[in-house]
Amino acid sequence: MGGIFGLDLERLADDRLPATVEIDSPLPPVRLRGRLERRQFRSFSGVLSATVPATTVTAFGQLDLAAPGGPAFVALLGATFPEPGVQLGLGFALSGVGGVLGVNKAVNRDALIAAIADGTAGELLFPPDPVAAAKRVVPRLPALFPTVPGRTVVGPMFQISWGGRMVSLSAAVVAEVPDPVRLSLLGILRVAVPDPEVPLIQLKATFAGQYDSAEPSTFLMASLSGSHMAGVPLDGDVLVLSRGGPDPTFVLSAGGFHPAFAVPRGVPALHRLSMNLSPVPWIQLRCQAYFAITTNTLQFGAQLSLVAEIAGCGLRGQFGLDVLVHREPSLSFSARMRGSLSVEVFGESLVGVAFDLTLEGPAPWHAVGRGSIDLFLFSASFDFDERWGNPPPTLPAPRADLRRRLEEAFARPEAWSALPPAGGDRIPVLLSPAANRQIGEGRRVHPHGGVVAQQRVLPFGVDIERLGPSLVEPAEQWDIASASLGGEEADAGATTDNFAPGQFRRLTDDEQLGAPAYDRYRSGVRFVADTCEPDEDAFVTASLDWETKVVPDPNPTRLLDLLRFLRLEALVRAEITATVSLRDPIWWPAGVKLLVSHEPPVVAASTWAMTAASLPASPSATNGELRLLYAGMAGVRPVEAWEV
C-alpha cells in the first residue's frame, strides 16, 4: 500500500500502530492541532484542538477498549469564545462552555487533591495552549478518572468573566451516578487588578471539592500558585473538610497545622501560606504562616527566614512561632518560639545567637527555654524558667445546669422520632390513608413501630467536666435509669451519637492535638413495640364445619382442542390427568369436618386507624359508624381495643 497524507497504511494493516501521533494542520480558516498516545494496544489518550475565527474547541480524552466490564472512556470538551464573549448583564460575560462525560468511570478524590497541589488540575479547564497542556494533563487522566464498571460521570463546564478581564472563573461540576451519588467541583479563579496585561494584584486559585453521599463527607481545597500582590509572590493551600459516619471530623485550615497535631484521615499535606518579601536579589526574606480550627483546637503559627549575603559574607537568621489557644478556665495561649541570628564570613559563623522557649500567658506569664551564644573562639548556653505578672482575678464562673439542659433538649419536638415497623409486609395491620398520613407527619406511631428519644447536648455514662465554655465542678455523670411509655415499662435499647471530647472534657495540650475529633457515646433511648407472645386468653377458639365437593370437567377435551394450535397438547394432557386423578371424589368424600384448634392472635387497632367501611346499607359510612353498621349482623361485632 502507498502512503496517504503521511500515513504508512502497510504498517497500520499489520497492526503496527505508532505510540504517538501529533497533528498540526494549519488549513485556513481552520487550524487543527492534537496529540494521540497509545499506552497499550487497546488504550488511547490524547487532545484535539480546532481553532476557527469565532471559537476554539478543545477535547481531552482517554479510551480503554480492554477495560473490565466493557469499554471505558472519559472526555472533557470545551469551547471558548473571543472577547468580549457572550454578555450576560451586570458586567458578566460567558467566554466558554463545555462538559465532562465518562462511561465506566469514577472520580478519584486523592488524585484530584494531588492534581490541585501540583497545579495540573487547572489545565483541564480551557487551557490557552491545549497541546502543551496535554503533555502534563493526559498522563493524569487514568488516575483522576479510574475505571469503575457501572459508574458514569457527567457534568457541565463553563468560563465566566466580570469587569472585562479583571475576574474570571473556569469551573466544572461533575456528578457521579448511580448510587452512591458523588458531586465533584473543579475550577480556577483568576483576579487581575487593574488589568491582566499589567496586573498590580494577580491571584490565581485552583480549587476542587467533592460531596460523597455514601460516607457522608464534604471537602473543599484551594491552592494559590502563580499569584503575587504588588510584586510580592504568594503561595499556600486552604482546606475545609467535614465528614460523618464512623470516623467523623471537622477541619478548617489555611496553610497547614501545628507540628504536633495528628492530621485526620483524608487531609493531605498542605503548603504553608507564604510570601517572598525579598526587596533585592542579595536579600532573601520569606514568611510562612498557618491557621487551623478543629473540633478540639485553635492553632496558628509563622516562620520568618532571612538570608543577606554578598561575596559569601552576610547575615542568616530565622524566627518560628507555634501557638495553641486554650479556652478554659480563661482565655490563654501556649506558644513555642525559636529563633537564631548569625554573622557568617566565607561559610564560617563569626557571631551567633539562638533561643528556644515556650511562653504561656498572659496572666501570669511563664517562660521556659534555652539560649546560646556562639563566638569565633568560644560558645556558651544557659537555661531559664521565669514567671511574672499576677493571676487573673477570680470571676464567678457560670455553672452549667445539666439537668435543665437535658430537660430542654428532650422537650424539643426534634428529639423524638418514630420508627417504622420491622416486619415489612408481614405486619397484620392495614392502616387507612389518613392514619398513614398522620404517622408520616409524626403525630402518631404505628402499632408495631417504635419511638426514639435522643439529645445531642451531652453524652450519657461519662464524666462531664465542662459544657462548652461553662465548667462543671465537681464533674457530673448523667444516664437514663429507666424508660416507660404509656405508664408501663418499655423495652428499650440505647442510641448513640458523635460528641466532640473537647466540649465536655478538660484536655491537655497533647490531648487537644492527638485526641480524635469525635467519639461515639450513648445519647438516648429507643422504645420498641411489645413483641412477646400474647396471653392465652387473647386467643379465640372457633369450630368450623364445611363440605367440599369437586366436580370434574365432563368434557376435558375441549380445552385440548382450544390449545392444540399452541403445541401444548402433551403438557395440558399431563396436567389434566394429574388434576382429575387428585380431585376424584374417591379422594375427597363429602361430609368431612375439620376443627381448627388454634387461630392466629387478634391484633387490636383503634377506630381512627381503620379504613372506611362500605356496606350495602350505607355505602358512605364513616369510621364512627362502624358499631351501628355491624350491629345485628351474625358473627360480626366491632369492639374497642380495651374490650379485647
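A quick note: this is a predicted structure, and the numbers were derived from the prediction, not measured.

A. Molecular detail of the overall build of the protein. Regarding its fold elements, the protein presents ten helices and 32 strands. Residues counted as buried form 31% of the 644 residues belonging to the protein. Look at the contacts in the protein between residues 6 or more apart in sequence, and 51% of them connect residues 24 or more apart. When the accessible surface of the protein is totalled, it reaches about 38500 Å², and 61% of it is carbon and sulfur.

B. How the structure looks around the pairing of strand β17 (residues 273-276). With two bridges joining them, strand β15 (residues 232-243) and β17 adopt antiparallel strand pairing. Bridge pairing links L234 to M275 in β17. Both β17 and strand β18 (residues 283-294) contribute to a ladder of four bridges, which runs antiparallel. Looking at β18, one finds that N276 is bridged to R286. Here β17 folds back onto β18, and the loop between the two strands holds six residues.

C. Focus on the confidence of the model for the protein. Per-residue confidence for the protein gives a mean pLDDT of 76, with 74% of residues at or over 70. This model gives residues 1-7 a pLDDT under 50, and the stretch forms five contacts once residues within four places in sequence are excluded. Predicted confidence for residues 613-624 stays below pLDDT 50, and this span has 16 contacts to residues more than four positions away or in other chains.

D. Structural detail: the packing of aromatic side chains. Overall, the coordinates contain seven aromatic pairs when judged by the stated rule. Centroid distance F504 to Y521: 5.6 Å. Interplanar angle 90°. Geometry classified as edge-to-face. In this pair, F504 is assigned in the loop between β31 (492-499) and α7 (509-514) and Y521 in strand β32 (residues 519-527), connecting sequence segments 17 residues apart. Joined through ring pairs, the aromatic side chains of F333, W365 and W388 make up one cluster.

E. Just the nonpolar core, in detail. Counting 38 residues, the largest nonpolar core has L76, F145 and L186 as its most contacted members. A per-element tally of this core places helix α2 (residues 109-118) first, with five residues. In contact with F145, other than residues within four places in its own chain, are V74, L76, V100, K105, A106 and V107.

F. Examining α2 more closely. Along α2, the residues that are buried comprise R109, A111, L112, I113, A115 and I116. Residues of α2 that are buried sit in contact with α4 (141-144), β12 (182-193), β13 (201-212) and β14 (217-229). The opening residue of α2 is N108, an N-cap whose side-chain oxygen sits 3.0 Å from the backbone nitrogen of D110. Positive backbone phi, at 85°, marks G119, one or two positions downstream of α2.

G. Geometry of the pattern of salt bridges. What the rule picks out here adds up to 16 salt bridges. Between E309 and R316 there is a salt bridge; the shortest N-O distance is 3.0 Å. Judged by its relative accessible area of 26%, E309 is partly exposed. Taking relative accessible area as the criterion, R316 reaches 35% and is therefore assigned partly exposed. When the shortest N-O distance is used, the salt bridge between D383 and R370 registers 2.9 Å. In this pair, D383 is assigned in strand β24 (residues 379-388) and R370 in strand β23 (residues 365-375), connecting sequence segments 13 residues apart.

H. Structural view of the environment of V325. Examined against the element boundaries, V325 turns out to sit in strand β20 (residues 313-326). C-alpha of V325 to C-alpha of T297: the two residues are 28 residues apart in sequence and 7.1 Å apart in space. When sequence neighbours within four positions are dropped, the list of residues in contact with V325 reads L298, F300, L331, S332, F333 and Q512.

I. Spatial organisation of unusual backbone geometry. Cis geometry marks the peptide bond from E215 to P216; its omega dihedral reads -15°. Looking at the element boundaries, P216 is found in the loop between β13 and β14. Residue P362 is reached from G361 by a cis peptide bond, and omega for that bond is 10°. The residue P362 is located in the loop between β22 (348-361) and β23 in this model. Positive phi is not limited to glycine here, since N104 has a value of about 60°. Assignment of secondary structure puts N104 in strand β9 (residues 92-105). Accessibility expressed as a relative area gives 11% for N104, which makes it buried.

J. The arrangement of the pairing of strand β3 (residues 20-27) in detail. Note that β3 and strand β4 (residues 30-40) share eight bridges and pair antiparallel. Each residue of the ladder has a partner; that of L27, found in β4, is V30. Between β3 and β4, which pair antiparallel one after the other, the connecting turn spans two residues.

K. Local environment of the environment of G78. For G78, the location among the structural elements is in strand β7 (residues 72-80). Each C-alpha atom of the pair G78 and V100 lies 8.9 Å from the other, and the pair is 22 residues apart in sequence.

L. Expanded view of the side chain of N104. For N104, the side chain forms a polar contact with the main-chain nitrogen of G150, separated by 3.0 Å. Excluding anything up to four places from it in sequence, N104 contacts G69, G70, P71, A72, P146, T147, V148, P149, G150 and R151.

M. Molecular detail of the side chain of T294. Note that T294 resides in strand β18. Once residues lying within four places of it in the same chain are set aside, the contact partners of T294 are F250, V251, F261 and Q299.

Cut-off values and rules
- Residues numbered from 1 in each chain as written.
- Predicted model: local features only at pLDDT ≥ 70, side-chain atom pairs only at ≥ 80, totals over all residues.
- Heavy atoms only, no water.
- Helix = DSSP H or I, 4+ residues; strand = E, 2+ residues; numbered from the N terminus.
- Buried < 20%, exposed > 50% of the residue type's maximum accessible area, 1.4 Å probe, protein only.
- Contact = heavy atoms within 4.5 Å.
- Areas by Shrake-Rupley, 256 points an atom, 1.4 Å probe, with all protein chains shown as cover.
- Pairing = 2+ DSSP bridges.
- pLDDT = per-residue confidence, 0-100.
- Phe/Tyr/Trp six-rings, centres within 6.5 Å; stacked < 30°, edge-to-face > 60°.
- Core = buried A, V, L, I, M, F, W, Y, C linked by side-chain atoms within 4.5 Å.
- Polar contact = N/O pair within 3.5 Å; in protein donor to acceptor, adjacent residues only side chain to side chain.
- Salt bridge = Lys/Arg side-chain N within 4 Å of Asp/Glu carboxyl O.

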